[in-house]
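Tertiary structure, described
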Amino acid sequence: MLERKSICLEGIDYSGKTSLAQKLASSLPNFSCGERNVPVLREKERQVHNNPNHMARVQFFLEEISLRSEYIVNSLKQNNLILDRYVLSVFAYHNVLLGRKLEGEFFPANIYTPDITILITISPEELKRRMKLKPPEHIYDSDTQFLMAVQNEFSKLASWYPNVVKIDTSGRTVLESYKLVLEEIRHRAPYILGTYIS
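One structure accompanies this document, and this report is about it. (Residues numbered from 1 in each chain as written. Predicted model: local features only at pLDDT ≥ 70, side-chain atom pairs only at ≥ 80, totals over all residues. Heavy atoms only, no water.)

Here the structure, examined in full by the defined rule, presents six salt bridges. Put simply, R188 and E184 hold a salt bridge, and the shortest N to O gap is 3.8 Å. With R188 and E184 both in helix 8 (residues 174–188), this residue pair falls four residues apart, about one helical turn. (Salt bridge = Lys/Arg side-chain N within 4 Å of Asp/Glu carboxyl O. Helix = DSSP H or I, 4+ residues; strand = E, 2+ residues; numbered from the N terminus.)

Here we take up the packing of aromatic side chains. Under the criterion given, the structure shown has seven aromatic pairs. On the numbers, 6.4 Å between centres and 90° between planes, the contact of Y93 with F154 is edge-to-face. Of this pair, Y93 sits in helix 4 (residues 87–98) while F154 sits in helix 7 (residues 144–158), and the two are 61 residues apart along the sequence. The exposure class of F154 is buried, given its relative accessible area of 1%. Each ring, one from W160 and one from Y161, has its centre 6.2 Å from the other, and the planes form 80°; the classification is edge-to-face. What makes Y161 buried here is its relative accessible area of 6%. Aromatic ring contacts, followed pair by pair, group F91, F107, W160 and Y161 into a single cluster. Note that K23 overlies the ring of Y178, its terminal NZ or CZ placed 5.1 Å from the centroid. (Phe/Tyr/Trp six-rings, centres within 6.5 Å; stacked < 30°, edge-to-face > 60°. Buried < 20%, exposed > 50% of the residue type's maximum accessible area, 1.4 Å probe, protein only. Lys NZ or Arg CZ within 6 Å of the ring centre and 35° of its normal.)

A separate point is the sheet that holds strand 4 (residues 116–121). Pairing within the open sheet is parallel, and its five strands lie in the order 2-3-1-4-5. This sheet does not close on itself; its edge strands, each paired only once, are strand 2 (31–33) and strand 5 (164–168). Within the sheet, the average angular offset between the axes of one strand and its neighbour, ignoring direction, is 20°. One ladder, built from four bridges, connects strand 1 (residues 6–10) with strand 4; its direction is parallel. Across the sheet, C8 pairs through a bridge with T117, a residue of strand 4. (Pairing = 2+ DSSP bridges. Axes fitted to C-alpha atoms, helices over the stretch in contact; angles between N-to-C directions.)

Right, let's get into the environment of V87. Along the chain, V87 falls in helix 4. Separated by 81 residues in the primary sequence, V87 and D168 place their C-alpha atoms 20 Å from one another. Aside from chain neighbours lying at most four places away, what touches V87 is E10, I65, F107, P108, I111 and Y161. (Contact = heavy atoms within 4.5 Å.)

I12, Y86 and F154 are the most contacted members of the largest nonpolar core, which totals 34 residues. Of all elements in the fold, only helix 3 (54–75), strand 3 (80–84), helix 4, helix 6 (124–133) and helix 7 reach the threshold of two or more residues within this core. The contacts of I12, once residues within four sequence positions are left out, are K17, R85, Y93, I120, I122, L127, L147, V150, Q151 and F154. (Core = buried A, V, L, I, M, F, W, Y, C linked by side-chain atoms within 4.5 Å.)

Following this line, the structure appears as structure tokens:
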């Protein structure tokens, strides 16, 4: 069993997970941000975002998750990790795009499972507000109804994936959300933080 710990942040774009991941990594002793994607697949990932074949995208991201799982296990030999997105993102987005429950058919066996997954959620109103502040990078990120459907799918996946805690960041600053995350981790899995207090 790995001695070092991991905290995974999942959620739709604009939920604030990346800002929270950076805050956690910079504030918690002996934690660092894990790579969000696999370096050897970065160019292929840029290409796959333009692929209209959603199943081809699913297969690519499942391949990436398997490789990323290996990277995580190796990285945990050196440091505790903050993960910005992982396996739930693959299924939440593509379940909506394809109208299927893909996890029942394709969930990868024997991949690393984080010690705790924080599912970051926001209200539809907060989503619209944040989208005005930061223009979407991808076509799917510009559709609020789609993103809220994905968030709903995340919640369904969280009902069976181990050790998931939901936190709503609507109307909260990064610091306020950070403190809430720490509170939930201390409550649900205090062994992850050890003696850290802040």
